[in-house]
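# Structural characterization, general
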Amino acid sequence: MEKSIYTYIIKHTLRHQVLILMLTLVTFPFVYASLDVPKQIINKALTGTDIPEVVLGYEMNQISYLLFLCLLFLALVVINGALKYILNVYRGVVGERMLRNLRLELYGRILRFPLPHFRKISQGEIIPIITAETEPLGGFIGEAFALPAFQGGLLFTYLFFIFNQDPFLGLAAIALYPLQMYVIPKLQRKVNALAKQRVLAARKLGDKVGDSMAGIQDVHSLGTTAFERVKIASRLQNIFQIRFEIYKRKFFIKFLNNFLAKVTPFFFYSIGGYYVIQGELTLGALVAVLAAYQDLDAPWKELLKYYQTKEDVRIKYEQIVEQFSPEEMIPAPQLCEGESSLEQLNQQIAFDRVFFSDGDASTSLDSINMQLDLKQSIALVGDTLSGASELAQLICRLQNPARGNISLFGHNLQQVNEPALSSAVSFVGSRSHLFAGTIRDNLFYGLTKPEAFSDNDANIYTQPIDHDWLDISQTPYDSLEALQDEVLELSSLFELDGDLYRFGLQQSMTSAPDQQLAEKLVNLRRQLSDRLAKHNMTDLVERFEPDKYNTNISVAENILFGSCTDHALDPETLHNDGSLERVLVRTRLMPKALEIGYKVAETMIELFSDLEPGNEIFEQFSFISAEDLPEYQSLVNKYPIEKAGSLPHRSQVKLLALFMKLVPARHRLGLIDESIQKHLVEVRKEFAHTQKGRRELLHYHYDQFNELLSIQENILFGKLAYGKANAQEKVAKVIDELIDENNLRVDIQHYGLEYEVGTSGSRLQVSTRQKLALIRALLKKPRLLVADQATNAMDEQSEQRLLSRLLQSNRCVFLWVINRQHLLPLFDHRVEMVNGRIESQT
């Protein structure tokens, strides 16, 4: 990257900067004219002297000339405003475009960081640089040359006018400028140094906050919450001290500027007044000079402010360059230049006197000379410090050797570009990353062709990235069906088919509706009812019936009797809906609902008021949160139950919320009897009538598939009964049997691919993440798959069973880094490494 911010600006925006400067120069004649026209109005039009007879072919008198000058002044105001608007927008667009490009360039440099460098930095340091610290650069880039040119031009114009009135007054106007130009930069340099410290301190704060969040489980389990607060407080105090020093110097600079700005009029009044008394200067000239000096102050302040901004931006840019220029960055040509295909000239990996050392020198490779035949599976055996992992990374060029050469399939590895290498070789580590998104997104992640999203493409910012980014013609597969079949086959090989099935049952069909499958699932719903009746298990599920109250769901769910995408109709917030209140009033259920809510509040207060807020029982069983409990206590203490119907509206809503949460089969408080249940069924029908036409609300209908429910909920079409032993296991077994009988398991597994894995795959077990990473690599159909402890999260039996099947599948050549001895017999060739050297080969 360019070391200077100005070099960077000129290199990337020279043409735009020239155009901005030209626009800036165009504004000066109009600015000057807008200053001169008022003088003409006063001196000529209002006094009636020197009025031209004809202007633009029209005869003029005093009134018409005044009107002409006023319209001219208005036109100049509009022109000046329009030019300023165009200039500001243009500068903003140039700045934002360059900020966009700079952020993309910084992200591109992150992709070129050597792997050991990621152990020295954290997300808390890097992310704020790209998102926040680069922000001031965008505004500065647009005005880097235009602002000093414009303000400097105004300053020169005003000074020229003052010197034209009297040279001595002109000298008085600029007398203090040398002092300001000498003192201010010295003070500013100290402010700049403190600003640099502040930026570094803020990064350390972000790093520590991120570290605490990553280790939050250990913070709580070890009881170090207070200690972590102290560490954060220390960093905050450091930032405060730095900011305090900045404020003292920054505002002293401002004080000095203001003081010097007010001293100059002293010279004007004293020197100019003397000349006026002596008759060597007119009073009008002195007044004009004072007025000009007032205008002179604005551009001078703008120039000083620009200098401070420039210094601040310069420091930020230099720190960014320093942060994003680590040693041994991956050369850019390796990413997109060099050999674009990896023809198989031979079937070997050859190491010729290869030396390697990571940044900490904790692991190194010492003069590796070896040839590996890629016609057989290979095991690299060694512990953490043996160098086996580093050797595997060198083969995939995730690391670069310090000296020596590596050839793969007859090609020098350093001369092959990244796309060609990744199409032939896949790497899977023990901590392979899963991106936020679905399982499908992660499995198909490696199937995009690099040329489809090239960094060199001028249209990179307009390329759509959505669910249709996958182009089958650019993958090793003939059709999407062939790809999906391969996914399911690999899932079975890795024993993930059961997981996909379970994930699929939890998915809705909103993202990928399948009408035929929906009809089959509705039919399955009917079969489930018959099967449960056949096995005398109907009491395990309470079905949704429009004319019957369901005791295993809440009052709110019974009234809603459907699923909705609108948060306003969520069962948890339904009590806030005004239309529901009106329905309860019309059906005369509101008084009883408030009375029941009051009784629930009394019960909750009696049971939980003496418990600590964090108590497990409180969190699990209380209807009322610890924060809201005092408000309910105050309500119950202040008003008797007989006054529930006349409470303030806010209090009524609070009681209604408790009523809505009641589940009769679960809470067994005896408050929702059969008569109230029948009443609530009428409320359900009345409320449904008020919600007609709402597309986001889908009511439950036995003969219709509800796309907002999960597949399992659609099959069940009801709720499992509370208190029935092993109800979930028994019903799930029947559902599984019916799905297999109807050959729907594969269809449901496809929906399992839509399961959201969470941040970094946090919703999945580590072993499942490892399996998905291996499947993702194999979907590229590589010639060589390099795995570094890629199954170490599995138990020994599962790992051995999986590796045995995988090696026998003959999908590619496998080179596996292992340290478990029981796995060695599975591989054709074994290389044992100790302390960075090859100990033996068998």
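Sequence order sets the numbering: in each chain, residues are counted from 1 along the sequence as written. Per-residue local features of the predicted model are confined to residues with pLDDT of at least 70, and side-chain atom pairs are confined, for both listing and counting, to 80 or more; whole-chain, interface and lining totals are unaffected and use all residues. Excluded from the side-chain calculations are hydrogens and water; all other atoms, namely the structure's heavy atoms, are used.

### Regarding the overall build of the protein chain
In terms of regular secondary structure, the protein chain is built from 30 helices and 16 strands. Counting over 842 residues, the protein chain shows a buried share of 44%. Contacts are assigned to residue pairs with any non-hydrogen atoms lying within 4.5 Å of each other. Taking the intrachain contacts of the protein chain between residues at least 6 apart in sequence as the baseline, contacts between residues at least 24 apart amount to 75%. Surface accessibility follows the Shrake-Rupley procedure with a 1.4 Å probe radius. Residue values consider only the protein chains on display as shielding. Counting every atom, the protein chain has about 44600 Å² of accessible surface; 54% of that belongs to carbon and sulfur. The helix and strand labels rest on DSSP assignments: H or I over at least four residues marks a helix, E over at least two residues marks a strand, and numbering proceeds from the N terminus. With a 1.4 Å probe rolled over the protein chains alone, any residue whose accessible area is under 20% of its type maximum counts as buried; one over 50% counts as exposed, and the rest are partly exposed.

### Description of the sheet that holds strand 15 (residues 829-834)
Each strand in a sheet pairs with another by means of backbone hydrogen bonds, the pair being arranged parallel or else antiparallel. Paired strands, in this sense, are two strands between which DSSP finds at least two bridges. An order of 8-13-14-5-15-16 is seen for the 6 strands of this open sheet, with the pairing classed as mixed. Each end of this open sheet is capped by a strand with a single partner; those strands are strand 8 (425-428) and strand 16 (837-841). Taken pair by pair, the neighbouring strands of this sheet meet at an average axis angle of 20°, ignoring direction. Both strand 8 and strand 13 (residues 784-788) contribute to a ladder of 4 bridges, which runs parallel. In the strand pairing of strand 13, phenylalanine 427 is matched with valine 786. Note on geometry: axes are lines fitted to C-alpha atoms, helical ones only across the stretch in contact, with angles between N-to-C directions running from 0 to 180 degrees. Each of strand 5 (378-381), strand 8, strand 13, strand 14 (813-818) and strand 15 touches helix 12 (residues 388-395); the most contacted strand, strand 13, lies at about 150° to it.

### Brief notes about the pairing of strand 3 (residues 348-357)
Inspection of the sheet shows strand 3 paired to strand 4 (residues 364-373) by 7 bridges, in the antiparallel sense. Paired with glutamine 348 across the bridge in strand 4 is aspartate 373. In terms of strand pairing, strand 3 meets strand 6 (residues 403-408) through 5 bridges, oriented antiparallel. Bridge pairing in strand 6 links phenylalanine 355 to arginine 403.

### Let's talk about a nonpolar patch on the surface
Patch membership is restricted to residues that have no salt bridge and whose relative accessible area is over 30%. Joining uses 9 Å for like charges and 5 Å for the nonpolar side chains Val, Leu, Ile, Met, Phe, Trp and Tyr. In the sections that follow, a salt bridge refers to a side-chain nitrogen of Lys or Arg positioned within 4 Å of a carboxyl oxygen of Asp or Glu. Nonpolar side chains collect at one region of the surface, where Leu67, Leu71, Phe73, Leu74, Val77 and Val78 lie side by side and expose about 550 Å² of accessible area between them. Tracing the sequence through the fold places leucine 74 in helix 2 (residues 62-110).

### Section: helix 17 (residues 515-534)
A rise of 1.5 Å per residue sets the reference length of helix 17, with its 20 residues, at 28 Å; its end C-alpha atoms lie 29 Å apart and thus fit the reference within 8%. Of the residues making up helix 17, those classed as buried are Leu517, Ala518, Leu521, Val522, Leu524, Arg525, Leu528, Ser529, Arg531 and Leu532. Packing partners of the buried residues in helix 17 comprise strand 9 (541-543), helix 26 (711-716), helix 27 (727-741) and helix 28 (745-752). Asparagine 536 sits one or two positions beyond helix 17 and adopts a positive phi of about 55°. Expected helix span is taken as 1.5 Å per residue step, with the number of steps being one fewer than the number of residues.

### With respect to the side chain of glutamate 581
Mapped onto the secondary structure, glutamate 581 falls in helix 19 (residues 578-586). A residue counts as positive if it is Lys or Arg and as negative if it is Asp or Glu; His and the chain ends are not included. Although buried, glutamate 581 forms no salt bridge, and the nearest oppositely charged side chain, arginine 582, lies 7.4 Å from it. The contacts of glutamate 581, once residues within four sequence positions are left out, are His575, Met590, His649, Val653 and Leu656.

### Details of the environment of glutamate 390
Within the element layout of this structure, glutamate 390 appears in helix 12. Of the residues examined, glutamate 390 reaches a relative accessible area of 12% and is grouped as buried. Separated by 32 residues in sequence, glutamate 390 and aspartate 358 have C-alpha atoms that sit 8.8 Å apart.

### A closer look at the sheet that holds strand 4
Across the sheet, which stays open at both edges, the 4 strands sit in the order 4-3-6-7 with antiparallel pairing between neighbours. In the strand order of this sheet, the two ends are held by strand 4 and strand 7 (411-412), each with one partner. Across the sheet, helix 12 touches strand 3, strand 4 and strand 6, and the angle it forms with strand 3 is around 120°.

### Structural notes on the pattern of salt bridges
Summed over the entire model, instances satisfying the criterion amount to 25 salt bridges. For glutamate 245, the salt bridge identified is with lysine 248, shortest N-O distance 3.2 Å. Of this pair, glutamate 245 and lysine 248 both sit in helix 9 (residues 225-278), 3 residues apart, roughly one helical turn. With a relative accessible area of 23%, glutamate 245 lands in the partly exposed category. For lysine 248, a relative accessible area of 43% corresponds to the partly exposed category. Glutamate 486 is paired through a salt bridge with arginine 811; the nearest N and O atoms lie 2.5 Å apart. With a gap of 325 residues between them, glutamate 486 in helix 15 (residues 480-493) and arginine 811 in the loop between helix 30 (796-808) and strand 14 connect regions that are remote in the sequence. What you see here is one network of salt bridges that share partners, running through Asp628, Glu631, Arg650 and Lys654.

### With respect to the packing of aromatic side chains
The criterion for an aromatic pair is that two Phe, Tyr or Trp rings (for Trp, the six-membered ring) have centres within 6.5 Å, with stacked assigned to planes under 30 degrees apart, edge-to-face to planes over 60 apart and tilted to the rest. According to the stated counting rule, one finds 15 aromatic pairs in the structure shown. On the numbers, 4.0 Å between centres and 10° between planes, the contact of phenylalanine 503 with tyrosine 755 is stacked. A residue pair is termed long-range when its members are at least 10 positions apart, and phenylalanine 503 in helix 16 (residues 497-506) and tyrosine 755 in the loop between helix 28 and helix 29 (766-778) qualify at 252 residues. Note on tyrosine 755: relative accessible area 7%, which makes it buried. The structure contains a cluster of three or more aromatic residues connected by ring pairs, namely Phe544, Phe561, Tyr700, Tyr702 and Phe717. When the NZ atom of lysine or the CZ atom of arginine is within 6 Å of a ring's centre and also within 35 degrees of its normal, the charge is said to sit over that ring. Across from the ring centre of tyrosine 501, 3.9 Å away, lies the NZ or CZ of arginine 745, which sits over that ring.

### Comments concerning the packing of helix 19 against helix 25 (residues 674-690)
At a minimum axis separation of 10 Å, helix 19 and helix 25 run at an interaxial angle of 135°. As the angle between them shows, helix 19 and helix 25 are arranged oblique. Like other packed secondary-structure pairs, helix 19 and helix 25 cross with a definite hand, here right-handed. Across the interface between the two elements, Ser579, Leu580, Val583, Leu584 and Arg586 from helix 19 touch Val683, Glu686, Phe687 and Thr690 from helix 25. Think of it as three bins: nonpolar holds Ala, Val, Leu, Ile, Met, Phe, Trp, Tyr, Cys and Pro, charged holds Asp, Glu, Lys and Arg, and polar takes everything else, Gly as well. In terms of residue class, the contact of helix 19 with helix 25 is built from 5 nonpolar, 2 polar and 2 charged. An angle counts as roughly parallel when it lies under 35 degrees, as roughly antiparallel when it exceeds 145, as roughly perpendicular when it falls between 65 and 115, and as oblique in every other case. Left-handed describes a crossing in which the near helix is turned anticlockwise from the far one by less than a right angle; the clockwise case is right-handed.

### Notes on the nonpolar core
Only buried Ala, Val, Leu, Ile, Met, Phe, Trp, Tyr and Cys residues count toward a nonpolar core, and they belong to the same one when joined by side-chain atoms within 4.5 Å. With 46 residues, the main nonpolar core has Ile439, Leu443, Leu483, Phe494, Leu779, Leu785 and Trp816 as its most contacted residues. Of all elements in the fold, only strand 5, helix 14 (439-443), helix 15, helix 16, helix 29, strand 13, helix 30 and strand 14 reach the threshold of two or more residues within this core. Among the elements that line this core, the one with the most residues is helix 29, at 6 residues. Among the nonpolar cores identified, the runner-up in size contains 43 residues, and Leu560, Leu574, Tyr598 and Tyr632 belong to it.

### Regarding helix 15
Along its 14 residues, helix 15 runs 20 Å from first to last C-alpha, staying within 8% of the 20 Å computed at 1.5 Å per residue. Residues of helix 15 that are buried: Leu483, Gln484, Glu486, Val487, Leu488, Leu490, Ser491 and Leu493.

### Focus on the side chain of serine 579
Examined against the element boundaries, serine 579 turns out to sit in helix 19. With a relative accessible area of 14%, serine 579 lands in the buried category. Within the structure, serine 579 has its side chain in polar contact with the side chain of glutamine 691 (distance 3.2 Å). Setting aside its immediate chain neighbours within four residues, serine 579 contacts Phe687 and Gln691. Counted as a polar contact is a pair of N or O atoms within 3.5 Å, where, for protein atoms, one must be capable of donating a hydrogen and the other of accepting one, and residues adjacent in sequence contribute only when both atoms are in side chains.

### A few points about the packing of helix 19 against helix 23 (residues 649-661)
What describes two packed helices is the angle between their axes and the distance between those same axes. Close contact between helix 19 and helix 23 brings their axes to 13 Å; oriented N to C, the two are set at 85°. The orientation of helix 19 with respect to helix 23, classified from their angle, is roughly perpendicular. Each of Leu580, Glu581 and Leu584 in helix 19 lies in contact with helix 23, whose residues at this interface are His649, Val653, Leu656 and Met660. Split by residue class, the contact of helix 19 with helix 23 holds 5 nonpolar, 1 polar and 1 charged.

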